[in-house]
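Read off the chains here:
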Amino acid sequence: QVQLVESGGGLVQAGGSLRLSCAASGRTFSGYHMGWFRQAPGKEREFVAAITWSGGRTYYVDSVKGRVTISRDIAKNTVYLQMNSLKPEDTAVYYCAARRGTYSITDNSETYDYWGQGTQVTVSS
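The structure presented is a predicted model; accordingly, all values stated were derived computationally and were not measured.

On a plain count of helices and strands, the protein comes out with 0 helices and 11 strands. Scanning the protein from its N terminus toward the C terminus, one meets helices and strands in the order β-β-β-β-β-β-β-β-β-β-β. Rg of the C-alpha trace for the protein: 13 Å, near the compact-globule value of 14 Å for 125 residues, within the 12% margin. When the backbone C-alpha atoms are referred to their principal axes, the protein occupies close to 40 × 25 × 25 Å. Per-residue burial for the protein yields a buried fraction of 43% across its 125 residues. Sequence separation of at least 24 residues holds for 59% of the intrachain contacts in the protein that already meet a minimum separation of 6. Accessible surface computed for the protein: about 6,300 Å², of which carbon and sulfur atoms make up 46%.

To continue, consider the pairing of strand β1 (residues 2-7). Side chains of β1 alternate between two faces, with Val-2, Leu-4 and Glu-6 buried and Gln-3, Val-5 and Ser-7 left unburied. Alignment of β1 against strand β3 (residues 18-26), held across 6 bridges, turns out to be antiparallel. Counterpart to Leu-4 in the pairing with β3 is Ala-24.

Let's shift gears to the state of the cysteines. In total, this model carries 1 disulfide according to the counting rule given. The disulfide bridge from Cys-22 ends at Cys-96, spanning 1.9 Å between sulfur atoms. One disulfide, between Cys-22 and Cys-96, carries an S-S torsion of 50° and so falls in the right-handed class. Placement of the pair is Cys-22 in strand β3 and Cys-96 in strand β9 (residues 92-100), with a sequence separation of 74 residues. Under the relative-accessibility criterion, Cys-22 is labelled buried at 0%.

Definitions and cut-offs
- Residues numbered from 1 in each chain as written.
- Predicted model: local features only at pLDDT ≥ 70, side-chain atom pairs only at ≥ 80, totals over all residues.
- Heavy atoms only, no water.
- Helix = DSSP H or I, 4+ residues; strand = E, 2+ residues; numbered from the N terminus.
- Rg over C-alpha atoms; globule rule 2.2 N^0.38 Å.
- Buried < 20%, exposed > 50% of the residue type's maximum accessible area, 1.4 Å probe, protein only.
- Contact = heavy atoms within 4.5 Å.
- Areas by Shrake-Rupley, 256 points an atom, 1.4 Å probe, with all protein chains shown as cover.
- Pairing = 2+ DSSP bridges.
- Disulfide = S-S within 2.5 Å.

What follows is the structure, encoded as structure tokens:
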């Protein structure tokens, strides 16, 4: 079992930055790929970014490329999502998720095994 707790969300003006954190506890964090997803009101949950268990590869949805960076600190059992140049369309609840590293990394939310409770990000225009 892996427990995930997100933090760092909030209200920011367009063009601003936020860094989301996801602290993991439980089973070996380093053995899991980690992903960030988001869900805006009335919309389906969508993939934002993911990082392999080793931290060697990262993946992003096209709409955030160049503005968002995912990283992980294995020693701190934490994964981060640095978001810059935020836009109103980035407003959503952001979730981190874990997928067993024995499987390939994916952007499909249905394939992730553990989820956090989410943190709200609101970007004002």
